[in-house]
Amino acid sequence: MENIKSYVQQHKDRFISELIELLKIPSVSADTAYSQDVIDTAEAVKVSLSKAGCDFVEICDTPGYPIIYGEKIIDPNLPTVLVYGHYDVQPPDPMELWTSPPFEPVIKTTDIHPEGAIFARGACDDKGQMYMHVKALEYMVQSNTLPCNVKFMIEGEEEVGSASLAWFVERNQEKLKNDVILISDTGMISNQQPSITTGLRGLSYVEVEVTGPNRDLHSGLYGGAVANPINILAKMIASLHDEDNHITIPRFYDKVQELSAEERAEMAKAPFSLEKYKNALNIADVYGEKGYVTNERNSIRPTLDVNGIWGGYQGEGAKTVIASKAFAKISMRLVPNQDWHEITELFTKHFTNIAPAGVTVKVTPHHGGQGYVTPIDSIGYQAANKAYTETFGVPAIPVRSGGSIPIVSLFEKELKSKTILMGFGLDSDAIHSPNEHFGIFNYLKGIETIPLFYKYFVALSK
Ligand code: BES
Ligand code: MN
Ligand code: MN
């Protein structure tokens, strides 16, 4: 497939400008103010799949945002690759920290991306990575090298828990039948060292509300005499970790799969510089669970983090008040064998138990999903590794990621096939953050590598 390189060279300006057009539509799934934009993005994705060469494309309505389904079936006897991606993006806030507007994509160079990167919300997560697959299909159709059947399923609610996708998958098992699921919605170690994500963490996301007095009170008249919900919430949250940074919720760790010393030694071989890690974040030291190193803390260990906390007076100047209520949004990242429903229950019970008399606690689960691990001896993994080896010149390293794509474990359960996570983003690409970007190198390398995955997957399937 020497041709893919020249095809990319020849068409790269168009590949970039097409992605830029897609990035201009603010498809923020979390905020209903953008709902028309989300729907418009679905339409744009549909058009792009038709143009790239799908024989059949449809926008499937769901209880939430639409799912785009597309396919090109060349021979029912050949294997089928199912590509999954998402066209929705995270909210862009805080706006003032963007160096250019989130939905006005521009190309800028960075230390890590000297050849330029596209700055926009969704550039890496996941419009840019999803669109690599559309352009890879275009190449395979144009060059007559598509070696098997392909199906696309692109959703618009990944960033808010994929509720409609679960609904869709349960109802369309026959339509979605496949031999392997291919996703580019993760990262790799560096542009010199590709990696394949072999694990994702599960997630339980809850919101808590602590209520004290039935109204806001004068903090002088009542201060000291009643429970202040914000003080109490802070105390309760602080108690969820002990001095070794273990999570204190009873039975939280019961089902956690511990890695063997050999597995941990294998993990430690992946290139990693603690100095660079700290410098990139401008922190004097890392922080986390005792007994584990950074790359373990953020992948094979479960966590509990406050994602947002509010209550009381936040306006200009000072107001002396004891608020009636305090709130927090809390995520727990889970590892294999932990069940997110069970963890949500353990959390709820514990958090309610530790509340002192004088406040009441309400826990509302938002969404969640199971973790995922995939073996490295599958045909899909081997095919991906061969593809990376060819385009990067070095084999890929298997890496368990700390992020979550909760729908992946559902795919395995409902569709009975393995998922291969061929990510081309970098940790420094600032996904979910201001100034998200995606390297031009990464984008084009992805388009180059994907057709090779198809080629080797079909060859190894014989
Ligand atoms: N693409 C990310 C997940 C990801 C990124 C995994 C990098 C591995 C490496 C995905 O869009 C995401 O953000 N997932 C959410 C969970 C979802 C339920 C909101 C997450 O991990 O926070
Ligand atoms: Mn994503
Ligand atoms: Mn995301």
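Up top is the structure these notes are about.
These remarks concern the structure in this document. Just so you know, these numbers come straight off a predicted model, no measurement behind them.

What to know about the sheet that holds strand S9 (residues 202-211)
Point 1. The strand order across the open sheet formed by 4 strands is S11-S13-S9-S14, and the pairing between neighbours is antiparallel. Among the strands making up the open sheet, the edge pair consists of strand S11 (303-311) and strand S14 (360-369). Averaged over neighbouring strand pairs, the angle between their axes works out to 20 degrees when direction is ignored.
Point 2. By the bridge criterion, 8 bridges tie S11 to strand S13 (residues 325-334) in an arrangement that is antiparallel. Across the sheet, residue Val306 finds its bridge partner in S13, namely Ile330.
Point 3. Across the sheet, helix H5 (residues 229-238) touches S9, S11, S13 and S14, and the angle it forms with S13 is around 15 degrees.
Point 4. Each of S9, S11, S13 and S14 touches helix H9 (residues 340-353); the most contacted strand, S14, lies at about 165 degrees to it.

What about the environment of Gly187?
Point 1. The residue Gly187 is located in the loop between strand S7 (180-183) and strand S8 (195-200) in this model.
Point 2. Sequence separation between Gly187 and Thr303 is 116 residues, and the spatial gap between their C-alpha atoms is 20 Å.
Point 3. Other than its neighbours up to four places away in sequence, Gly187 contacts Ser195, Thr197, Gly423 and Gly425.

Observations regarding the coordination of the manganese ion (ligand 2)
Angles at a metal have ideal values that depend on geometry: 109.5 degrees with four tetrahedral donors, 90 or 180 degrees with six octahedral donors.
Point 1. With distances of 2.0 to 2.4 Å, the protein atoms coordinating the manganese ion (ligand 2) are His86 (NE2), Asp125 (OD), Asp185 (OD) and Asp185 (OD).
Point 2. Of note is the manganese ion (ligand 2), whose 6 donor atoms meet at the metal with angles of 57 to 166 degrees in an arrangement that counts as irregular.
Point 3. Here the donor residues of the manganese ion (ligand 2) are spaced in sequence according to H-x38-D-x59-D.
Point 4. Separating the manganese ion (ligand 2) from the manganese ion (ligand 3) is a gap of 3.6 Å, which Asp125 spans by donating to each of them. Residue His86 is located in strand S3 (residues 80-86), and its partner Asp185 is located in the loop between S7 and S8; the two are separated by 99 residues in the primary sequence. The same class applies to His86 and to Asp185, which are both buried.

Side note on the side chain of Ser184
Point 1. Structurally, Ser184 can be placed in the loop between S7 and S8.
Point 2. Side chain to side chain, Ser184 and His133 meet in a polar contact 2.7 Å long.
Point 3. A polar contact is formed between the side chain of Ser184 and the backbone oxygen of Met422, at a distance of 2.6 Å.
Point 4. Filtering out sequence-adjacent residues up to four positions away, Ser184 remains in contact with Tyr84, Asp126, Gln129, Met130, Met132, His133, Met422, Gly423 and Phe424.

Quick look at the site of ligand 1
Point 1. Near ligand 1 there are 17 residues, and of these Glu158, Asp185, Arg333, Ser404 and His432 occur at the shortest range.
Point 2. With respect to ligand 1, the side chain of Asp125 contributes an N or O atom lying 3.0 Å from an oxygen atom.
Point 3. Within the contact set of ligand 1, an oxygen atom lies 2.6 Å away from a side-chain nitrogen or oxygen of Glu158.
Point 4. With the chains in place, 88% of the 520 Å² that ligand 1 exposes on its own is no longer accessible.
Point 5. When its residues are assigned to classes, the shell around ligand 1 shows 5 nonpolar, 7 polar and 5 charged.

Thoughts on the pattern of salt bridges
When their charged atoms lie close together, side chains carrying opposite charge are able to pair.
Point 1. Going through the model one piece at a time under the given rule, you end up with 23 salt bridges.
Point 2. With its nearest N and O atoms 2.8 Å apart, the salt bridge here joins Lys325 to Glu209. With a gap of 116 residues between them, Lys325 in strand S13 and Glu209 in strand S9 connect regions that are remote in the sequence.
Point 3. With a relative accessible area of 31%, Lys325 lands in the partly exposed category.
Point 4. Counted as one network, the salt bridges with shared partners bring together Arg14, Glu18, Lys135 and Glu138.

Conventions and cut-offs
- Residues numbered from 1 in each chain as written.
- Chains lettered and ligands numbered in written order.
- Predicted model: local features only at pLDDT ≥ 70, side-chain atom pairs only at ≥ 80, totals over all residues.
- Heavy atoms only, no water.
- Pairing = 2+ DSSP bridges.
- Helix = DSSP H or I, 4+ residues; strand = E, 2+ residues; numbered from the N terminus.
- Axes fitted to C-alpha atoms, helices over the stretch in contact; angles between N-to-C directions.
- Contact = heavy atoms within 4.5 Å.
- Donors = N, O, S within 2.8 Å, 3.2 Å for Na, K, Ca; no water.
- Tetrahedral: all angles 85-135°; square planar, octahedral: opposite > 155°, others 65-115°.
- Buried < 20%, exposed > 50% of the residue type's maximum accessible area, 1.4 Å probe, protein only.
- Polar contact = N/O pair within 3.5 Å; in protein donor to acceptor, adjacent residues only side chain to side chain.
- Near = heavy atom within 4 Å.
- Areas by Shrake-Rupley, 256 points an atom, 1.4 Å probe, with all protein chains shown as cover.
- Nonpolar A, V, L, I, M, F, W, Y, C, P; charged D, E, K, R; others polar.
- Salt bridge = Lys/Arg side-chain N within 4 Å of Asp/Glu carboxyl O.

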